Amino acid sequence: MAARSQPRQASYDAIVIGAGIQGSFAAYHLAQRHRDTLLLEQFVLPHSRGSSHGQSRITRSAYPQAHYAHMMPDSFHLWQRLEAEAGTSLYRQTGLVVLGPVGDPELEGCRRSMGPGDTLDTAALARRFPSLRPRAGDVALWDGSGGVLRADRALRAVQGVFRRHGGTLRDGEKVLRIQPGAVLTVTTTAGVYRAPRLIIAAGAWTSAVLAPLGLRLPLQPLRIDVCYWREKEPGSHGAGTATPCFMMLGLPEAPHGIYGLPALEYPGLVKVCYHHGSPVDPEERDRAPPGTPRPNVALLSSFISSHLPGLEPQPAVLETCLYTNTPDGDFILDRHPKHSNIVIGAGFSGHGFKLAPVVGKLLCELSLGEEPSHSTAPFAIGRFPGVLRAAL
């Protein structure tokens with residue numbers, strides 16, 4: 001580390017703020033295009049303060065929104081490329097069951113993104129997922145591409161390949177100031193850096209980074225209860241069985257949906273979570289006083305009793321994670337309205353991890369002035385009126 005009295009000063013082709021999975025993939029793509037890139041992270045790595053930690057995330061082809069469904073084949077390909085580059089396995093194919101009532105908009109959107117033969121009848125569902133008790137009348141869709149991404153391992157892999165391509169990763173450096181201009185200046189707690197292009201992918205801290213640049217995006221950080229439930233019969237939902245991932249939609253008591261992954265992280269513990277949470281200041285996420293009500297845990301306990309009776313109805317492990325949601329649940333991938341050499345990736349709304357290889361590529365392309373490989377129209381800042389303010 002450089003002495004505090006002598007902060008680092010350096011120039012780069014590009015700077016990326018935020019070394020979560022989105023910022024790391026943006027930096028990875030820049031480095032692969034031979035751009036000398038600095039990746040900044042405010043916390044010492046590894047850490048669990050943001051949205052990219054933990055061992056598992058669901059990936060899938062089934063998507064209610066066509067623009068994400070069209071991006072997923074590219075994402076699967078880029079994950080495979082990273083596996084080859086890093087020499088490690090990042091994806092376990094388990095299949096995914098999507099359940100919901102007939103006519104549910106999200107379910108029907110998923111159906112449109114899949115093939116005509118992907119509906120499971122009652123007998124087929126029982127064979128695929130014998131421990132699940134669906135609601136009467138539910139439709140079940142089968143996504144054979146669904147599975148689990150090994151999240152911590154994936155983050156280490158993309159950062160490792162980035163560094164092998166000449167990238168610089170500095171953790172434990174919080175950004176203090178950004179000075180816009182043809183050449184931007186970024187001042188951190190340990191250095192002053194300059195580059196002609198900047199990507200901001202700061203997760204739940206994006207609003208704090210953007211406010212001095214005159215931009216107020218409608219981003220809401222949420223604290224998510226990440227729950228793990230013990231199997232009553234060890235091995236019945238685990239790594240040695242063919243238990244798939246699942247998403248259950250159209251629940252009146254859980255309008256944002258409930259999802260689950262097989263027992264892979266903790267032996268004998270199945271991950272089942274509600275896809276929503278409580279508004280939170282990201283600096284205060286882990287400071288909830290003992291005894292703070294957790295209504296989503298109670299909701300999940302009731303769900304487990306009704307639909308996964310092979311699990312104990314109280315969580316064995318309870319962790320937290322952050323989502324950063326937009327009002328419409330779509331990402332923000334766009335240039336700053338006043339500073340075109342500042343590109344923003346934000347608002348991944350709890351479903352961005354699987355798409356990070358494509359998101360990183362799009363942020364890289366926007367930063368370099370290239371034609372985006374996928375349409376970014378659904379992700380434009382302009383869909384939110386009144387976000388541009390006078391800079392402080």
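Anything mentioned here points back to the structure above.
Residues numbered from 1 in each chain as written. Predicted model: local features only at pLDDT ≥ 70, side-chain atom pairs only at ≥ 80, totals over all residues. Heavy atoms only, no water.

Student: So what's going on with the packing of helix α1 (residues 21-32) against helix α8 (residues 356-368)? Residues and values would help.
Tutor: It is the contact of α1 with α8, at a shortest axis distance of 7 Å, that shows an interaxial angle of 55 degrees. Between α1 and α8, the crossing angle belongs to the class labelled oblique. The way α1 lies across α8 gives a crossing that is right-handed. Here Ile21, Gln22, Phe25, Ala26, His29 and Leu30 of α1 lie close against α8, whose contacting residues are Ala356, Pro357, Val359, Gly360, Lys361, Leu363, Cys364 and Leu368. Looking at side-chain class alone, the contact of α1 with α8 contains 10 nonpolar, 3 polar and 1 charged residues. (Axes fitted to C-alpha atoms, helices over the stretch in contact; angles between N-to-C directions. Helix = DSSP H or I, 4+ residues; strand = E, 2+ residues; numbered from the N terminus. Parallel < 35°, antiparallel > 145°, perpendicular 65-115°, else oblique. Left-handed = near helix turned anticlockwise from the far one by under 90°. Contact = heavy atoms within 4.5 Å. Nonpolar A, V, L, I, M, F, W, Y, C, P; charged D, E, K, R; others polar.)

Student: Describe in detail α1, supporting the description with residues and values.
Tutor: Taking 1.5 Å as the rise per residue, α1 with 12 residues should run 16 Å; its terminal C-alpha atoms sit 16 Å apart, in good agreement. Burial runs high along α1: 11 of the 12 residues are buried. Among all positions of α1, only Ile21, Gln22, Gly23, Ser24, Phe25, Ala26, Ala27, Tyr28, His29, Leu30 and Ala31 are buried. Taken from the residues just after α1, His34 is the one with a positive phi, measuring 65 degrees. (Expected span 1.5 Å × (residues − 1). Buried < 20%, exposed > 50% of the residue type's maximum accessible area, 1.4 Å probe, protein only.)

Student: How would you explain helix α3 (residues 105-112) if you had to name every residue and give the values?
Tutor: Those residues of α3 not exposed but buried are Leu107, Glu108, Gly109 and Cys110. Buried residues along α3 sit in contact with β6 (96-101) and β8 (138-143). Its side-chain oxygen at 3.2 Å from the backbone nitrogen of Glu106, Asp104 defines the N-terminal cap of α3. (Polar contact = N/O pair within 3.5 Å; in protein donor to acceptor, adjacent residues only side chain to side chain.)

Student: Lay out the environment of Thr59 in plain terms, naming residues and giving numbers.
Tutor: Looking at where Thr59 falls in the secondary structure, it is placed in strand β4 (residues 56-59). With 16 residues separating them in the primary sequence, Thr59 and Ser75 have C-alpha atoms 9.7 Å apart. Among all residues touching Thr59, those that are not within four sequence positions of it are Met72, Phe76, Tyr91, Gly146, Gly147, Leu149 and Lys354.

Student: Would you mind going over the packing of helix α2 (residues 66-86) against helix α5 (residues 151-164) in detail, with residue names and values included?
Tutor: At a minimum axis separation of 10 Å, α2 and α5 run at an interaxial angle of 65 degrees. When the axis of α2 is compared with that of α5, the two are roughly perpendicular. The crossing of α2 and α5 is left-handed. Contacts between α2 and α5 involve Trp79, Leu82, Glu85 and Ala86 from the former and Ala154, Ala157, Val158, Val161 and Arg164 from the latter. In terms of residue class, the contact of α2 with α5 is made up of 7 nonpolar, no polar and 2 charged.

Student: Tell me what's going on with the pairing of strand β17 (residues 258-261), and back it up with residues and numbers.
Tutor: With burial as the criterion, each face of β17 is covered, one bearing Ile258 and Gly260 and the other bearing Tyr259 and Leu261. Both strand β16 (residues 245-248) and β17 contribute to a ladder of 3 bridges, which runs antiparallel. Residue pairing across strands places Met247 opposite Tyr259, the latter belonging to β17. In the sheet, β17 pairs with strand β18 (residues 269-274) via 4 bridges, with the strands oriented antiparallel. When the sheet's bridge partners are listed, Leu261 is paired in β18 with Lys271. (Pairing = 2+ DSSP bridges.)

Student: Explain the packing of aromatic side chains residue by residue, including any values.
Tutor: According to the stated counting rule, one finds 14 aromatic pairs in the structure shown. Taken together, a centroid distance of 5.3 Å and an interplanar angle of 90 degrees make the contact between Phe25 and Trp79 edge-to-face. A residue pair is termed long-range when its members are at least 10 positions apart, and Phe25 in helix α1 and Trp79 in helix α2 qualify at 54 residues. Comparing Phe25 with Trp79, the two get one shared label, buried. (Phe/Tyr/Trp six-rings, centres within 6.5 Å; stacked < 30°, edge-to-face > 60°.)

Student: Describe the sheet that holds strand β9 (residues 147-150), listing the residues and the values that go with them.
Tutor: Spatially, β4-β9-β5 is the arrangement adopted by the 3 strands of the open sheet, whose pairing is antiparallel. In this open sheet, the two strands that pair with only one neighbour each are β4 and β5 (91-93). Averaged over all neighbouring strand pairs, the angle between strand axes comes to 30 degrees, with direction disregarded. By the bridge criterion, 4 bridges tie β4 to β9 in an arrangement that is antiparallel. Bridge assignment links Arg57 to a residue of β9, and that residue is Leu149.

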